[in-house]
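# Chain and residue survey
Chain residues, written in single-letter form:
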Amino acid sequence: MSVNQDVSFADLGVSPWLIDTLQALAIYKPTDVQKGVIPQILKGHDCIGGAKTGSGKTAAFALPILESWSRDPLGIYAVVLTPTRELAIQIDEQFAALGSNMNLKHTLIVGGMDMVAQAIALSRRPHVVVATPGRLADLIRSNGPETTAGLQKVKFLVMDEADRLLSSTFADDLNDCFSILPPSENRQTLLFTATVTDAIRQLKEKPTKGNKPPLWLYEVESDKISVPSTLQQNYVFVASHVREAYLVHLLSIPENAEKSAIIFVNRTHTAELIYSMLRLLEFRSTELHSEMAQRERINSLGRFRAEAARILVATDVASRGLDIPSVQLIINFDLPRDPDDYIHRVGRTARAGRAGQAISVVTEHDVELVHAIEDRVGSMMTEYEHASENKVLERMKEVTDAKRQASLEMVDRGFGERRQKQKEKRLIASGRLGTGDDFRNKKRKSKGLKSNQKMKNKEN
Ligand SMILES: Nc1ncnc2c1ncn2[C@@H]1O[C@H](COP(=O)(O)OP(=O)(O)OP(=O)(O)O)[C@@H](O)[C@H]1O
């Protein structure tokens, strides 16, 4: 079946009960990736689905899983792995919505939430488990078969954002997860991402075991551009010492002043600093990064989704998968080091056919990186023409003062100390460091020197 034909969900093999649910969610026609993979998954193929951001990859795996499950409603039927807690929450919510008519039992297993409650939920054999690899591996390592036996009968394993999951970061946890799941010949494995790597493509060459049908690879071949056609990509070229003033200007320009925007940065410290600075300048903003407690992360993303905050300042913990239809503008305050991360970041807007805009703040240090990104994306960024140097300079002192104030407040509230303490514990545990006190005293001395210097600057 050509994916360009005008086919319905029924033509793909989706049952009326599920089509009714889709219509209640205002989803009427399958997207290209859904046309390309749903029939093959229903025929039993393992599948790799590569399609642009915002093209409906979640439903592309959720629908055939629910369709198969409704014919044989055993539990635990499917395990869905994804790299971040926020993505797991979002996917779990999509399964809840799609399975609402069939009393689907689903459970979320992620870090930062009650592990005992998650173990109890797992022992009750829900139909669908959505998890981050780290927490699921923890549960497998610290519980017996009374909790985890259901994982041995799983029919589907999904790896969402597969290229990220297959990076070395997750290797140990994935091995622990795979140790209890059925062998690959006894389950269907579905890999999805907007950035298919050669390593993933090579999986197609692996011989299938048992009498499994061959792996089905679906990739958008039609055009070489890796971002949605409805995305406008711009850049502003600025000197690195005026980036913050430019950022404030971009957020204040009349055409952007009401837009829901995500500002991406590369480090948690930068996220906290920019967020605090914007709050001092009275922008309705919130933040998302890995130094925040889980409850804070959920509340913060909830405020942004509900548009109580217009601006979200985030690290790459928010770059993949998050589906927030209201996002109109992405600003790369820092350019990502990996061009694939650029594709995922800008893919937080221009979703499901909607328009969107990305503006990257480029400094004298970033020129090579811009070229690498444009090569990877297959299209050029164009200069953003609505920025005004004079307007930037008008607010330079106000922005500089707010940045300095934000920085001092971060020192006062000990931002980053939690991570420092965790790092210290790891170093002590590895024997590469003396006691915690030695380390802390050294640290305090150096910090003391720094904050005295800052106070002197402030007094001037
Ligand atoms: N057939 C469809 N018709 C209209 N909207 C759809 C359809 N399928 C999914 N959507 C909607 O499109 C949006 C994007 O879907 P989804 O988050 O699954 O995209 P994705 O391809 O996984 O993106 P990313 O690569 O960023 O993770 C969601 O709001 C989803 O509800």
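Residues numbered from 1 in each chain as written. Predicted model: local features only at pLDDT ≥ 70, side-chain atom pairs only at ≥ 80, totals over all residues. Heavy atoms only, no water.

## So, the nonpolar core
In terms of nonpolar packing, the biggest core is built from 40 residues, with Val37, Phe61, Ile65, Phe95, Leu190 and Phe192 touching the most fellow members. At the level of elements, α1 (16–24), α2 (32–42), α3 (57–71), β2 (78–81), α4 (85–98), β4 (128–131), β5 (156–160) and β6 (188–193) are the ones that each hand at least two residues to this core. Discounting residues that sit within four places of it in the chain, Phe61 has contacts with Val80, Ile91, Phe95, Val158, Asp160, Leu190 and Phe192. Of all hydrophobic cores here, the second largest spans 35 residues; its members include Val236, Ala245, Ile253 and Leu278. (Core = buried A, V, L, I, M, F, W, Y, C linked by side-chain atoms within 4.5 Å. Buried < 20%, exposed > 50% of the residue type's maximum accessible area, 1.4 Å probe, protein only. Helix = DSSP H or I, 4+ residues; strand = E, 2+ residues; numbered from the N terminus. Contact = heavy atoms within 4.5 Å.)

## Considerations on the packing of helix α5 (residues 115–123) against helix α6 (residues 133–142)
As a packed pair, α5 and α6 sit with axes 11 Å apart at the nearest point and diverge in direction by 75°. In this view, α5 runs roughly perpendicular relative to α6, as classed from their interaxial angle. Contacts between α5 and α6 involve Met115, Gln118, Ala119 and Leu122 on the former and, on the latter, Arg135, Leu136, Asp138, Leu139 and Ser142. Split into classes, the residues belonging to the contact of α5 with α6 amount to five nonpolar, two polar and two charged. (Axes fitted to C-alpha atoms, helices over the stretch in contact; angles between N-to-C directions. Parallel < 35°, antiparallel > 145°, perpendicular 65-115°, else oblique. Nonpolar A, V, L, I, M, F, W, Y, C, P; charged D, E, K, R; others polar.)

## With respect to the UniProt feature "domain: Helicase ATP-binding" (unreviewed entry) in the protein
With numbering aligned to this structure, UniProt lists the feature "domain: Helicase ATP-binding" (unreviewed entry) at residues 38–214. Between the end C-alpha atoms of residues 38–214 the distance is 15 Å, and the span holds 42% helix and 15% strand. (UniProt positions renumbered as here; feature names shortened; annotations may be inferred.)

## A few points about α2
Most of α2 is tucked away: nine of the 11 residues are buried. Among all positions of α2, only Val33, Gln34, Lys35, Gly36, Val37, Ile38, Pro39, Gln40 and Ile41 are buried. Looking at the buried residues of α2, the elements they touch are β1 (47–50), α3, β5, β6 and β7 (216–219). Gly44 sits one or two residues past α2 and shows a positive phi near 100°.

## Re the site of the ligand
Neighbouring residues of the ligand: 19 residues in total, closest Lys29, Lys57, Asp323, Arg348 and Arg351. Contact between the ligand and Arg348: an oxygen atom at 2.8 Å from a side-chain N or O atom of the residue. Within the side chain of Arg351, one N or O atom sits 2.8 Å away from an oxygen atom of the ligand. In isolation the ligand offers 640 Å² of accessible surface; the protein chains occlude 86% of this area. Here the residues of the shell around the ligand sort into four nonpolar, eight polar and seven charged. Inspection of the shell around the ligand shows a minimum of three residues originating in each of domain 1 (9–219) and domain 2 (231–413). (Near = heavy atom within 4 Å. Polar contact = N/O pair within 3.5 Å; in protein donor to acceptor, adjacent residues only side chain to side chain. Areas by Shrake-Rupley, 256 points an atom, 1.4 Å probe, with all protein chains shown as cover. Domains from an automatic or database assignment.)

## Looking at the side chain of Thr82
Considering the arrangement of structural elements, one finds Thr82 in the loop between β2 and α4. In this structure Thr82 comes out as buried when scored by relative accessible area, which is 0%. Polar side-chain contacts of Thr82 include one of 3.2 Å to the side chain of Asp160. The contacts of Thr82, once residues within four sequence positions are left out, are Leu87, Ala88, Ile91, Ala131, Thr132, Pro133, Asp160, Glu161 and Leu165.

## Points about the environment of Ile27
Note that Ile27 resides in the loop between α1 and α2. By relative accessible area, which is 33% here, Ile27 ends up partly exposed. When the C-alpha atoms of Ile27 and Phe9 are compared, they prove to be 9.9 Å apart, with 18 residues separating the residues in sequence. Every residue in contact with Ile27, bar those within four places of it in the chain, is listed here: Phe9 and Leu22.

## A word on the packing of aromatic side chains
For the coordinates displayed, the defined rule picks out three aromatic pairs. With a centroid separation of 5.5 Å and 50° between ring planes, the pair formed by Phe61 and Phe192 is classed as tilted. On the criterion of sequence distance, the pair formed by Phe61 in helix α3 and Phe192 in strand β6 is long-range, its members being 131 residues apart. Each member of the pair, Phe61 together with Phe192, is buried. In this structure an aromatic cluster arises from ring pairing among Phe61, Phe95 and Phe192. Sitting over the face of the ring of Phe178, Arg187 holds its NZ or CZ atom 5.8 Å from the ring centroid. Over the aromatic face of Phe333 sits the side chain of Arg243, whose NZ or CZ is 4.1 Å from the ring centroid. (Phe/Tyr/Trp six-rings, centres within 6.5 Å; stacked < 30°, edge-to-face > 60°. Lys NZ or Arg CZ within 6 Å of the ring centre and 35° of its normal.)

## Describing the domain arrangement of the protein
You can read the domains of the protein as domain 1 (9–219) and domain 2 (231–413). Each of domain 1 and domain 2 was reduced to a C-alpha centroid, and the two centroids are 31 Å apart. On the side of domain 2, 19 residues touch domain 1, which itself brings 17 residues to the contact. For the pair domain 1 and domain 2, the two sides together bury roughly 1,500 Å², of which 51% comes from carbon and sulfur. On the surface where domain 1 and domain 2 come into contact, there are three salt bridges. A salt bridge links Arg320 to Asp163; the nearest nitrogen and oxygen atoms lie 2.7 Å apart. Across the domain 1-domain 2 interface, the total number found is nine residue pairs in polar contact (both at pLDDT 80 or more). (Buried area = accessible area lost by both parts, 1.4 Å probe. Salt bridge = Lys/Arg side-chain N within 4 Å of Asp/Glu carboxyl O.)

## Thoughts on the sheet that holds β4
Across the sheet, which stays open at both edges, the seven strands sit in the order β3-β4-β2-β5-β6-β1-β7 with parallel pairing between neighbours. The strands lining the two open edges of the sheet, one partner per strand, are β3 (106–109) and β7. Adjacent strand axes in the sheet meet at a mean angle of 10° when their direction is disregarded. The strands touched by α2 are β1, β5, β6 and β7; relative to β7, the strand with the most contacts, the crossing angle is about 175°. (Pairing = 2+ DSSP bridges.)

## Section: the pattern of salt bridges
Tallied over the entire structure, the rule returns 21 salt bridges. The salt bridge partner of Arg376 is Asp340, with a shortest N-O separation of 2.6 Å. Of the two residues, Arg376 is situated in helix α15 (residues 367–377) and Asp340 in helix α14 (residues 339–346); the sequence distance between them amounts to 36 residues. Asp401 is the partner of Arg404 in a salt bridge, and the nearest nitrogen-oxygen pair spans 3.5 Å.

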